[in-house]
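# Coordinate inspection notes
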Amino acid sequence: MNFLRHRLAGNPFFRLVATVAAALALSFASLAPLLAASAAAPATEQAAPATFASEDYAGEDVMIPMRDGVRLHAQIWRPAPSDAELPIIMMRSPYGFSKERIADALQQGGSYGYLAADGYIFVFQDIRGRFSSEGEYVTLRPRKSTAGGIDESTDTYDSIDWLVRNLPENNGKAAVMGVSYGGWTAAMATIDPHPALKAVSSQASPEDMFIGDDFAHNGAFRLDYAWSWVTALESDGKTMKPFQFGSEDGYDWYLRQSDLATLDEQHLGRKVPSWQNFVEHKDYDDYWKRSRPSHMMPAKVAVPNLIVAGWYDQEDFYGPLEIYKNQEKGDEDGLNYLVVGPWNHGGWRGEGASYGPFELGSATGTYFRSEVELPWFQYWLKGEGTLDQPEALVFETGSNQWQRLASWPIREKAVSRNLYLRSGGKLSFEPPQAGEAPAATFVSDPANPVPYRERSDIKPFMTKGSTWSTWLADDQSSFASRNDVLFWESDPLPADVTISGDVAAKLFASTTGNDADWVVKLLDVYPADEQTPAELRGRQRMIANDVFRGRYYKSYENPEPLEPGAVLGYDIDLHYASHVFKKGHRIAVQVQSSWFPLINRNPQTWVPNILQAKAADYKVQTHSIYHTPDNASAISVTVAESAN
Amino acid sequence: MKKTILLAAALCTTPAAIAFSAPVAAQDYSKYSDEALKSELADIADETLAVLVPMRDGIGLSTNIYTPKKGKGPFPVILWKTPYSEHDIKGGTLRYAIKAVQRGFVFVVQNERGRYFSEGEFEILGKPQSDGYDTLSWLAAQEFSNGNIGTLGCSSSAEWQLALAGMDHPAHKAMVPMSAGAGIGKVGRFQEQGNWYTGGVPRSLFIPWLYNVDNPLRAQIPSGLDQPTRARIAAYNSLAAAKPKVEWKDQIRHLPPADIMSDLGEPEGTFDTLIARTPGDPAWREGGLYHEDMGWGVPSLWFNSWYDVSIGPNMELFNHARAAGKDKETRDNQYAVIAPVVHCAYSKLGRDTVVGDRDMGDTSFDVDGAIFGWFDRWLKGDRKAFPASTPHVQYFNMGENRWKSAPQWPPATAITVRFYLRSDGNANSLYGDGKLSTAMPPADEPGDQYHYDPLNPVQTIGGGDCCNGGIVIPGAADQRVIEARNDVLVYTSDPLEAPLDVTGFVDAVLNISSSAKDTDFAVKLVDVAPDGTAWIIGDTIQRARYRDGYDEEKLMNPDQVYTIRPTPMTTSIRFGKGHRIRVEVTSSNFPKFVRNLNGGGNVATESKATVAKNEIHHDAENPSYIDLPVVE
């Protein structure tokens, strides 16, 4: 037991250890940033290092009154003894903060170790209705509808107001930061901000739960994530208790569920509010739109925001990039910044030297925390140093280089080019010629959906031993062997190809049914020669991907059945990439119509609400992807001159 | 030595239900903690721990002896030998110890040579013919022993018994080998060399298994310590190695396969020795494996299971013992129980059993009743305890989900029904045109081709496997994820109009050709439910170079047609009405089996992978088919 933890255990201020600690005993690294800290700090079981300048942090539980009388619980951690006036950094989350994990995080090598060593007053607040906070919890609570109402921004305002007035020896400056849900609350802090709020860092915040983040992508429902998450969050409010599947075979378990709309009642004997919202709000209505932070944040950016995203964020990659893009429109004063690193969800809070089998060339997470995040808060909260922050700090995968960019995406030395899907499984920068086979066809059987990982790796994502946090590193080659996955591959590249910026698919497709999902993956195929390490040989590495639910071809708000046999041109956003396809590698594309149980199955016949589809509604259909001169399916990429 | 401390603890913690000594069969020990059970054992047994039993070469094997307090000796003895850390008795061993002592047996747990508190150098299965024999002699001579000894155990604790059975030790009155695949060298059609190979293809399971078990640089206590000192040390220091965790799903892909262990920084050990042996290497005779020319001397009650590593060799050995036993009594006293579970999972038998993802219904079987009845019969001479009228083979029929019995394996009523692999040349994946039909193919029927890329092997999902560091989860699982692949040929029958009960050995015969000098052919039998779920029933694999036997490696000429006959699958499955019978053919089943890289060289040391274009022929002259043993 380390010194710090030992000292805290005897601290009479802590009265709430039992519930909080129990909740955070979960392995839940992909959601709650503080939890990720433990993986990054394997040495924390040893004595506190002598070089930890502030030596020690002491904590205190407080209840902070909101304008409506509800009191929110927070832990205040500050260096002791403290004789300087320090700024405040607040994190607001629904996941609960365990004192043990905080203690680890604040140590040298911990996920907040650099900031802690510099000296701040840390405030960890349970948001309304969660753990020891009073009030009612609402997932991604929308903005208040009346002048006297409350929302996360008013709760943030009231909290900051109380903190700067009541905490001894604070310097009157505050910041809000956080990852994931905490990134969303950090974004919400910029709305009608408290005057003491000098900076935020919104890290991996969701933006749009229907279009690109946790619960759905382009209208396609993220089944395992959504079910696992809402059942864990929406239980008694005081715990994070994952649903008990009774099986580790997530693929089989979900395939056996026939009536998704009533899953909560079937398995829990009660309605889970968000689950029923997913059923009720099957299309893109105000339920989804009202929680989008960048549509609520001030058009003119007033609070400096360090936005952080990870290329391999399996939960919220769309969010931070979209928030950055939308805020950039009103960033006259240059306060809106972007960092994109080679990380999974919250991966920058760990060492970040590798992702799955891919070495990253340096400790990218350590670099971010010490050379980017720390100077950011030193500058805005303490007035120390200079802000040597490029507009966009972007990690280029493949070459493993950080790039300091004047904009994101880059505007210079880049040209958009199409990678055409050609007959015979060829991928080429040259468009198809007349006379080539017009289409590639496959049978899509909802009874045999394409797994999103090798089936033996598909544990429900919160299950013990789940490797969900690295699934985007999985070798995609086995899926290319499937009859119901189409595959196009370039010749080996004669020279490096660097892409930087937008990636999108234009897919000309038809179905024999009335609805279909379209999944597109852009891949980097490693050589199969003996010079390549065995685990990477022939490996198909995911570079960009997403899914589109066909019924939303015309409108996310008003879906329509597809006309059987009609060739439609789908525009599918594959978001962004900054990657070097190395000489000798190949570029490849996979297209499929299921991705299970990441995405729920599309019945491929028309039903008004897919979550209410019955077993008999799921039909085998034949799908075609076209590659004629008139219907030239392609992936557009932005080819850049390598910065290196 | 009496463990008074434990006894005192038992008075406080033993649940009343146990203290009142309810009938053995009524007790469910699984609900008690190891701690409570240890107290229970200390309550009823005198414990002498970490005794060094001397072997003929002077090496001592550390042995725990649990002698009944109740009753008057000498007692019959049940011996449990293990390579695992069971000196601090726990789990299944502990539960058997309590039951044995309660029924008036001395229970003995011995560590294999070279493990934990035993002296000497480790080898797989110990040295059953010498160490096993010497241990029996020593036990038979002890005052607590009546000279009748039985051997009991699952997996490693069963496999060493096989070669010992060949020694026909006079005190070795009976044995209960449970899930004993890795003890079988060459018996009948199977030459698996202790499950190292199937059809000449190495299994991966020993790689994670040996990583944990083989420990050539092990810690040992000083020699020459007296028993009380050894027992005292054993109470607080298990000598167990805690090796760094390995991500086996990744590591198993390392090439060449022979370097998988050294790549982890492991010192040279058993793996390096065994991976260098071909399936026909005479060196396999040197270890503790049982081979068919060793003779069989002991009445045996066999427990096997459908989803174990090696149900085929298990049943071949059972038949061998019935035929080759030293005398009529031995031959007549071989009984087999075949459960629908995975390796050593007999404690799962009960109501509502699910194996893998498949519901097997009520699989209840009184395993302990059979075991101790068997030992009462042979070690105490109580002939009624295990009546001679007991069926020789009791097996669980999957599909019908019912226990059945037969006087022999396979049941004599089985008739062979041949199903031909048929297609119009595109049996690739379950979206192809492959059919399984009783009609012979015409002369000009085209074969089915596929490309086998060793860098993109067909993954294992379920089936029979064990002990593999988690890289394969054994059991009945839906195979459709595999059958969607274009490099998997899928042949499916029409829906059955009436149920078809397939019970026995299932033989596949394939006429094949390849662009490679050597490649593998993997066959799988699948039960397709009306909803499309494709349950794995069994699988087998054959390396082409061993198609005519294991003593000679015969590479292929490109595109010449050869006949291969993989060793049979073994099962009892009732294909229900409306179900379909399916056969998959492909060239890999990874990571269960080490991949063939198609180079034709030394597969263990090769690392260059070549894509092979393989073909299954099924014209009239070169038919490919599967023979199903159908019983009424």
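Residues numbered from 1 in each chain as written. Chains lettered and ligands numbered in written order. Predicted model: local features only at pLDDT ≥ 70, side-chain atom pairs only at ≥ 80, totals over all residues.

### Digging into the overall build of chain A
Rule in force here: Secondary structure elements are taken from DSSP: a helix is a run of H or I of four residues or more, a strand is a run of E of two residues or more, and numbering for both begins at the N terminus. Values of the radius of gyration come from C-alpha atoms, whereas the globule rule sets the reference at 2.2 Å times the count of residues to the power 0.38. Counting other C-beta atoms within 10 Å of each residue's C-beta, where C-beta atoms are placed from the backbone, gives the exposure class: buried for 20 or more, exposed for 12 or fewer, partly exposed between.
The number of helices and strands found in chain A is 15 helices and 25 strands. Taking 26 Å as the expected radius of gyration for a compact globule of 644 residues, we find that chain A reaches 25 Å, a close match to that expectation. For chain A, the spread of C-alpha atoms along the three principal axes comes to 80 × 55 × 45 Å. A total of 644 residues make up chain A; the buried ones form 55% of that total.

### A closer look at the overall build of chain B
What chain B contains, in helices and strands, is 14 helices and 28 strands. Relative to a compact globule of 632 residues, whose C-alpha radius of gyration would be 26 Å, chain B shows 25 Å and is just as compact. Referenced to the eigenvectors of the C-alpha coordinate spread, the extents of chain B come out at roughly 80 × 50 × 45 Å. With 632 residues in all, chain B has 57% of them scored as buried.

### Focus on the nonpolar core
In plain terms, the rule: In these notes, a nonpolar core means any group of buried Ala, Val, Leu, Ile, Met, Phe, Trp, Tyr and Cys residues linked to one another through C-beta atoms within 7 Å.
Ranked by size, the top nonpolar core spans 172 residues in total, and within it B:Ile78, B:Ala97 and B:Val108 carry the most contacts. Within the second largest apolar cluster, 167 residues are counted, among which are A:Leu260, A:Ile323, A:Val497 and A:Trp595.

### Overview of the sheet that holds strand β10 (residues 336-341) of chain A
Strands in a sheet are paired, the pairing made by backbone hydrogen bonds, and the direction either parallel or antiparallel. All names here are of chain A. So the rule is basically this: At least two DSSP bridges between two strands are needed for those strands to be called paired. Interaxial angle, 0 to 180 degrees, is taken between N-to-C directions of lines fitted to C-alpha atoms, where a helix line uses only the stretch in contact.
Strands sit in the order β1-β2-β4-β3-β5-β6-β9-β10-β13-β14 across an open sheet of 10 strands; the sheet is mixed. Where the open sheet ends on each side, the last strands, each with one partner, are β1 (57-65) and β14 (401-405). Looking at each pair of strands side by side, their axes are set apart by 20° on average, direction ignored. In the sheet, strand β9 (residues 305-310) pairs with β10 via 6 bridges, with the strands oriented parallel.

### Some thoughts on the sheet that holds strand β3 (residues 75-82) of chain B
Residue and element names in this part refer to chain B. For the record, the criterion: Residue pairs are scored as contacts if the distance between their C-beta atoms, which are placed from the backbone, is within 7 Å.
What the 10 strands build is an open sheet, ordered β1-β2-β4-β3-β5-β6-β11-β12-β15-β16; its pairing is mixed. Every interior strand has two partners, whereas the edge strands, β1 (45-54) and β16 (402-406), have only one. Between one strand axis and the next, the sheet turns by 20° as a mean value, whatever way the strands run. For strand β11 (residues 300-307) and strand β12 (residues 334-342), the ladder comprises 7 bridges, and the chain directions are parallel. Directly across from Asn304, in β12, lies its bridge partner Ile338. Together, β3, β5 (145-154), β6 (172-178) and β11 form the strand contacts of helix α6 (residues 156-165), whose direction differs from that of β6 by roughly 140°.

### Comments concerning unusual backbone geometry
For the bond running from B:Leu255 to B:Pro256, omega is -5°, close enough to zero to count as cis. That bond from B:Phe590 to B:Pro591 is cis: its omega, 15°, falls within 30 degrees of zero. Here A:Glu169, not a glycine, exhibits a phi torsion of approximately 50°, which is positive. At B:Tyr116, a position not held by glycine, the phi torsion is positive, near 50°.

### Considering the interface of chain B and chain A
Inclusion rule: We call Asp, Glu, Lys and Arg charged. Ala, Val, Leu, Ile, Met, Phe, Trp, Tyr, Cys and Pro are nonpolar, and the rest, Gly among them, are polar.
Of the residues lining the interface, 24 residues belong to chain B; the matching set on chain A comes to 22 residues. Residues that form the side of chain B that touches chain A fall into these classes: 8 nonpolar, 8 polar and 8 charged.

### Remarks on the packing of helix α3 (residues 34-44) of chain B against helix α4 (residues 91-102) of chain B
Residue and element names in this part refer to chain B. To keep things clear, this is the line we draw: Should an angle lie under 35 degrees it is considered roughly parallel, over 145 roughly antiparallel, and from 65 to 115 roughly perpendicular; all remaining angles are considered oblique. Left-handed is the label given to a crossing in which the near helix is rotated counterclockwise from the far helix by less than a right angle, and right-handed is the label when the rotation is clockwise.
Contact geometry of α3 with α4 gives a least axis separation of 10 Å together with a crossing angle of 25°. When the axis of α3 is compared with that of α4, the two are roughly parallel. Crossing of α3 against α4: the hand is left-handed. Here Asp34, Leu37, Lys38, Glu40, Leu41 and Ile44 of α3 lie close against α4, whose contacting residues are Gly91, Leu94, Arg95, Ala97, Ile98, Val101 and Gln102.

### Remarks on the environment of A:Tyr112
Residue and element names in this part refer to chain A. Following the sequence through the fold, Tyr112 ends up in the loop between α4 (99-105) and α5 (113-118). On the basis of neighbour counts, which here come to 25 C-beta atoms within 10 Å, the residue Tyr112 falls in the buried class. Expressed as a C-alpha distance, the spacing of Tyr112 and Gly350, which sit 238 residues apart in the sequence, is 9.8 Å. Apart from the residues within four sequence positions on either side, Tyr112 is in contact with Ala105 and Leu106.

### Focus: the pairing of strand β25 (residues 634-640) of chain A
Residues and elements named next belong to chain A. For β25, the buried fraction is high: 5 of the 7 residues fall into the buried class. Pairing geometry for strand β15 (residues 414-422) and β25, over 7 bridges, is antiparallel. Residue pairing in the sheet places Ser416 in a bridge with Thr638 of β25. The pairing of strand β19 (residues 497-511) with β25 spans 6 bridges and is antiparallel. Residue pairing for β25: Ile499 is matched across the bridge by Val639.

### Considering helix α13 (residues 318-328) of chain A
All names here are of chain A. When you tally the buried positions in α13, you get 8 out of 11 residues, the bulk of the element. Of the positions making up α13, those classed as buried are Tyr318, Gly319, Pro320, Leu321, Glu322, Ile323, Tyr324 and Gln327. At its buried positions, α13 is contacted by α7 (181-188), β6 (197-203), β9, β10 and β22 (568-581).

### Describing helix α11 (residues 311-324) of chain B
Residue and element names in this part refer to chain B. Filter applied, for reference: Each helix should span, by expectation, one fewer than its residue count multiplied by 1.5 Å.
A rise of 1.5 Å per residue sets the reference length of α11, with its 14 residues, at 20 Å; its end C-alpha atoms lie 20 Å apart and thus fit the reference within 8%. Within α11, 10 of the 14 residues are buried, which leaves it mostly tucked inside the rest of the structure. Among the residues making up α11, those that are buried are Ile311, Gly312, Pro313, Asn314, Met315, Glu316, Leu317, Phe318, Ala321 and Arg322. Tucked inside the fold, the buried residues of α11 contact β7 (186-187), β8 (190-191), β11, α12 (328-332), β12 and β25 (569-575).

### Let's talk about the confidence of the model for chain B
All names here are of chain B. Test applied: pLDDT: the predictor's confidence for each residue, scored from 0 to 100.
In this model, chain B carries an average pLDDT of 93, and 95% of its residues clear a pLDDT of 70 or more. Low confidence marks residues 1-26, where pLDDT is under 50. Its contacts with residues over four positions away, or in another chain, come to 34 contacts. With pTM at 0.89, the complex prediction returns an ipTM value of 0.85.

### A closer look at the environment of A:Ile635
Residue and element names in this part refer to chain A. By the secondary structure assignment, Ile635 is in strand β25. In sequence terms Ile635 and Leu574 are 61 residues apart; their C-alpha atoms lie 8.9 Å from each other. Dropping the residues within four chain positions of it, Ile635 is found in contact with Leu419, Val503, Ala505, Leu522 and Val589.

### As for the confidence of the model for chain A
For chain A, the average pLDDT comes to 90, and 91% of its residues sit at 70 or higher. Considering only residues more than four positions removed or in separate chains, one finds that residues 1-54 of chain A, a stretch of pLDDT under 50, has 119 contacts.

### Topic: the environment of A:Asp331
Residues and elements named next belong to chain A. By the element assignment, Asp331 lies in the loop between α13 and β10. Residues Asp331 and Lys300 lie 31 residues apart in sequence; the distance between their C-alpha atoms is 6.0 Å. Leave out the neighbours within four places in its chain, and Asp331 touches Val301 and Asn336.

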